[in-house]
Amino acid sequence: MSDKPRRILVVEDDLAILAGLSMNLRFEGYDVLQAQDGRQGLALALDEAPDLVVLDVMLPELNGFEVLKELRQRGRDTPVVVLSAKSAEPDKIIGLNLGADDYVVKPFGLQELLARIKAVLRRRYPSLAQPPVGFGDVQVDLTAKTVSRAGQSVEFTAQEFKLLAHFLAHPGRTFSREELLSAAWGYAYEGSARTVDNFMRQLRLKLEPDPEAPVHFLTVRGLGYRFDR
């Protein structure tokens, strides 16, 4: 992403979804604006010019379709990802015909929604394609989601790559196990801290010169883990 974080407006009246999604978007490096009704959401979309809007349909004041219609009538082409409990094809067609860039049905998988948001941003802002990140003899292509070491491809599971990408986005920052669970697995994940320990061991085995004496994926005693280049 560019040096300036992309700004995302989340318009959602369910406080649990609003708080959880906003937290995870911030972990991904975005600036987040929030609104709990359609009228406030429309005002923020017009006044703050976010890079993308995540828009619930069933909102007080103005519903999401009304907000989307008003945005487009005012000439705003801000990317919009619609969230809706309405899964029928006619409802999806309404949202897409009004100018939504994507339509996600509730209940949704957090990681899928984050991936869809990233995909919409990449389509709208091609400069979002991320340059490879290197450390030691490792090269990570965050756009293609590939990892190589000393020129040889290294196989990563999807979950391992999510954890790796989170560390690469925040070099030098110490994260607790709970923060890493939320960032890489989602706020609703019910796994234990041992899950993080196991995945950290895999990162070290695959990417450290000496997994028993790591220099990149470090344990910060009593606090958690840190990535250093």
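Quick caveat, the model's predicted, so the values are computed rather than measured.

### Quick word on the pattern of salt bridges
- On inspection of all chains with the given rule, the structure shows 17 salt bridges.
- A salt bridge links Asp 51 to Arg 6; its shortest N-O distance comes to 3.2 Å. One end of the pair, Asp 51, is in the loop between helix H2 (38-48) and strand S3 (52-56); the other, Arg 6, is in the segment before strand S1 (7-11), with 45 residues separating them in the sequence.
- For Asp 51, a relative accessible area of 17% puts it in the buried group.
- Where Arg 39 meets Glu 61, a salt bridge forms, and the shortest distance between an N and an O atom there is 3.5 Å. Of the two residues, Arg 39 sits in helix H2 while Glu 61 sits in the loop between S3 and helix H3 (64-73), which places them 22 residues apart along the sequence.
- Judged by its relative accessible area of 47%, Arg 39 is partly exposed.
- A relative accessible area of 55% places Glu 61 in the exposed class.

### Here's the deal with the packing of helix H1 (residues 15-27) against helix H5 (residues 110-124)
- Between H1 and H5, whose axes approach to 11 Å, the crossing angle comes to 55 degrees. Between H1 and H5, the interaxial angle falls into the category oblique. Handedness of the crossing formed by H1 with H5: right-handed. Across from Leu 21, Asn 24 and Leu 25 in H1, the residues of H5 making contact are Leu 110, Leu 113, Leu 114 and Ile 117.
- Grouping the constituent residues of the contact of H1 with H5 by class yields six nonpolar, one polar and no charged.

Each value, and the rule that gives it
Residues numbered from 1 in each chain as written. Predicted model: local features only at pLDDT ≥ 70, side-chain atom pairs only at ≥ 80, totals over all residues. Heavy atoms only, no water. Salt bridge = Lys/Arg side-chain N within 4 Å of Asp/Glu carboxyl O. Helix = DSSP H or I, 4+ residues; strand = E, 2+ residues; numbered from the N terminus. Buried < 20%, exposed > 50% of the residue type's maximum accessible area, 1.4 Å probe, protein only. Axes fitted to C-alpha atoms, helices over the stretch in contact; angles between N-to-C directions. Parallel < 35°, antiparallel > 145°, perpendicular 65-115°, else oblique. Left-handed = near helix turned anticlockwise from the far one by under 90°. Contact = heavy atoms within 4.5 Å. Nonpolar A, V, L, I, M, F, W, Y, C, P; charged D, E, K, R; others polar.

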